[in-house]
Amino acid sequence: MTLIATDVPSPSPEDDRGRQRRRRGGLAGFAVRRLLTGIGTMAFVLVFNFFLFRLLPGDPIALYTRGRNTDREQIAALRRALNKPIGEQFVNYLKNPFSSGVDSTQFSRPVWDVIGDYVWPTLVLLGTATVLSAVIGIAIGIKGGWRRGSTFDRTSTAATLTLYAMPEFWLGMVLLILFSTGVGVFPGVFPSGGTLTPGLDPWSVDGILDQAWHLCLPATTLTLAYLAEYALVMRSSLVDELGQDYLMTARAKGLMDRLVRRRHAVPNALLPTITLVFLNIGFVVSGAITVETVFSWPGLGLLSYQAIRGPDVPLLQAIFLLFSLSVVAANLVADVVVAAVDPRVRT
Amino acid sequence: MSAPAAAPVLSARAVVRARRRAARRRFVADFRAQRAGVAGVAILVVFIGLALLAPVLFGSDQLQVTKATGGTLQPPDGSFPLGTDETGRSVLALVVWGARVSLLVGVAATVISMAIGTLVGIASGHFGSWLGALLERLTDWFLVIPFLPLAIVLATVLGSSLLNVIIVIGVTSWPGTARLVRAQTLSVEARPYLERARVLGGGHWHQMSRHVLPNVMPLVLANTTLTVAIAILSETTLSFLGLGDPFRVSWGSMLDNAFAAGAISAGAWWYLLPPGVCVVIVVLAFTLVGRALENVLDPRSREG
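Residues numbered from 1 in each chain as written. Chains lettered and ligands numbered in written order. Predicted model: local features only at pLDDT ≥ 70, side-chain atom pairs only at ≥ 80, totals over all residues.

(A) Up close: the overall build of chain A. Of regular secondary structure, chain A possesses 14 helices and zero strands. Its helices and strands taken in sequence order, chain A reads α-α-α-α-α-α-α-α-α-α-α-α-α-α from the N to the C terminus. Across the 347 residues of chain A, 36% fall into the buried class. Within chain A, residue pairs in contact and separated by at least 24 positions form 72% of the contacts whose partners lie at least 6 positions apart. (Helix = DSSP H or I, 4+ residues; strand = E, 2+ residues; numbered from the N terminus. Buried ≥ 20, exposed ≤ 12 C-beta atoms within 10 Å, placed from the backbone. Contact = placed C-beta atoms within 7 Å.)

Spelled out as structure tokens, the structure:
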């Protein structure tokens with residue numbers, strides 16, 4: 001099934017010989033090679049980010065100041081910065097890629113300072129949702145894949161495909177209207193947004209419980225949105241293992257069905273899904289942008305939304321860079337971790 | 001030829017045509033066996049019909065805020081089956097008109113994405129030299145750049161219009177296709193008939209267009225329907241973020257308006273539900289058709 005897993009590496013004929021040769025390099029060699037590729041990718045992202053805003057048509061000053069009141073001095077300062085030779089601009093950019101030489105137009109502060117305030121809530125929300133969705137999604141995938149064609153399998157596949165087709169922010173709005181506003185029989189018990197009821201001390205017992213209460217709906221939304229993919233991929237990789245000889249051997253030894261599944265099939269099938277959990281950081285980030293907006297969750301997603309609505313181009317540029325670099329880093333970590341666990345993938 | 005009354009001599013072309021007809025018949029029969037895929041096609045036919053008939057069913061003046069007849073966020077009743085939006089327009093009319101933009105953007109962006117993806121994929125698989133390596137690297141790089149942040153940046157810089165939304169989604173969603181096509185190209189290129197073509201003096205263009213492309217197309221076709229699904233979701237997301245065409249109604253822009261107008265705190269479920277449900281149904285339909293096509297075209301993935 002190639003529904004989503006188009007970015008899971010597929011073996012191609014020309015790779016086989018290379019794999020034979022390279023496998024002798026061992027894990028350290030693989031990690032170093034992978035690190036070099038990762039650095040290459042980061043360099044590309046940096047260069048791409050720089051030229052993206054300079055190659056595209058339009059007056060950059062108009063772009064930077066769209067929708068803002070700017071006096072003549074500010075425009076002159078911008079022009080001085082942008083009229084420097086492109087080489088000099090590029091060198092300055094490389095010295096500090098996140099500053100872009102222009103302050104955030106909305107916050108009138110260096111963009112990196114602004115971003116720093118918004119990182120923590122995003123980490124909490126995305127961390128919770130990623131762990132929950134991976135655990136639940138994998139459990140659903142195992143149960144459905146092992147009993148392929150059963151009622152549970154058919155119901156869960158239909159449900160996960162539907163969840164996969166859902167814009168996550170719409171799901172968030174539906175949950176909000178049902179469980180925060182309250183419609184008909186649904187009780188409006190959850191808060192409509194934010195992280196804390198005003199007036200509470202965030203570090204008191206009440207404050208922490210209150211924050212967890214605020215986390216419920218957005219974390220549920222993102223968990224439902226992400227688990228679909230994990231369940232589908234886990235199911236299909238388990239189905240791939242079903243016909244394998246080693247399972248026949250395990251059964252022939254007289255192992256209980258439960259043990260065959262848990263000790264033999266699942267560990268082998270787990271790897272693609274675990275890789276996907278890491279590789280999905282880009283997808284996870286995209287979900288955060290809209291869902292944080294819907295729930296007024298003060299993280300990087302909501303900040304991106306504010307930057308779009310400005311539009312606050314310097315801020316947008318820095319957020320784009322941050323997101324891209326974190327995805328590259330996550331991919332790097334995923335590859336090395338998976339290679340450490342499974343020698344087969346050291347290509 | 002003086003052979004006594006043999007079977008009618010068929011020209012090479014006629015043989016090819018007959019084979020193609022047979023292949024098509026087999027394909028249709030195989031597809032019909034995929035019940036979920038057939039259901040997906042039926043749903044899509046209904047939605048495309050609605051989109052085409054929108055001007056007949058609801059005059060375009062129903063979309064104008066100044067000519068709106070209903071009250072603000074009025075719940076569903078006899079004259080407004082799905083209630084009204086914040087300016088008193090019929091939500092039903094908006095949803096039907098919204099189908100036009102959502103489907104158009106989904107299909108048009110996919111065409112762009114497929115064209116780039118197929119071209120880059122075939123070229124990177126065919127040219128083993130530095131060009132192939134460079135294109136492969138480029139694909140990998142674009143694959144890791146997170147889609148939505150990149151799309152947001154592009155849409156902000158280009159400005160909001162229908163064409164720009166199509167371009168933005170098209171140029172950001174090709175790497176997956178390119179990678180798929182590249183893998184398929186490599187496996188086709190390893191087959192003997194390509195060696196034969198090379199030995200007989202077939203140029204790069206001849207090899208790619210006559211031998212590789214026809215073998216890659218079925219895969220691209222299945223991938224296309226899945227990409228349309230993703231493109232429609234992307235359009236919804238971008239429009240929700242205010243990056244769509246401000247003068248056209250789409251399902252995403254309806255959700256944006258509903259959110260901005262406080263439909264959530266007003267409990268106006270009739271304004272929020274319809275556009276989202278339409279997105280889910282259409283995206284699901286494209287996904288089902290894509291999966292069914294995959295099953296038909298690639299028997300290895302066929303499941304019981």
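Here the narrative resumes, following the displayed structure.
(B) Expanded view of helix α9 (residues 204-240) of chain B. Residue and element names in this part refer to chain B. With 37 residues, α9 ought to run about 54 Å at 1.5 Å a step, yet its terminal C-alpha atoms sit only 45 Å apart, falling short of that. Bending of α9 peaks at approximately 50° at the position of leucine 213, with proline proline 214 no more than four residues after it. Positive phi appears at glycine 242, one or two residues downstream of α9, with a value of about 85°. (Expected span 1.5 Å × (residues − 1). Bend = angle between axes of the 7 residues up to and from the residue.)

(C) Seen up close, the interface of chain B and chain A. Every contact between the two is made by 48 residues of chain B and, on the other side, 53 residues of chain A. Of all the secondary-structure elements, those providing two or more residues to the side of chain B that touches chain A are α4 (130-144), α5 (147-158), α7 (175-189), α9, α10 (251-260) and α11 (269-297) of chain B. Here the element with the most residues in the side of chain B that touches chain A is α11(B); it accounts for ten residues. Counted by class, the side of chain B that touches chain A contains 32 nonpolar, twelve polar and four charged residues. (Nonpolar A, V, L, I, M, F, W, Y, C, P; charged D, E, K, R; others polar.)

(D) Here's a closer look at helix α8 (residues 168-182) of chain A. Across its 15 residues, α8(A) extends 20 Å between first and last C-alpha, which sits within 8% of the 21 Å expected from 1.5 Å per residue. The largest bend in α8(A) is about 30°, located at A:Leu176. Here α8(A) has its buried residues at A:Glu168, A:Phe169, A:Trp170, A:Leu171, A:Gly172, A:Met173, A:Leu175, A:Leu176, A:Ile177 and A:Ser180. Against the buried residues of α8(A) lie α9 (205-242) and α12 (281-294) of chain A together with α9, α10 and α11 of chain B. Phi turns positive, to about 60°, at A:Gly184, one or two residues after α8(A).

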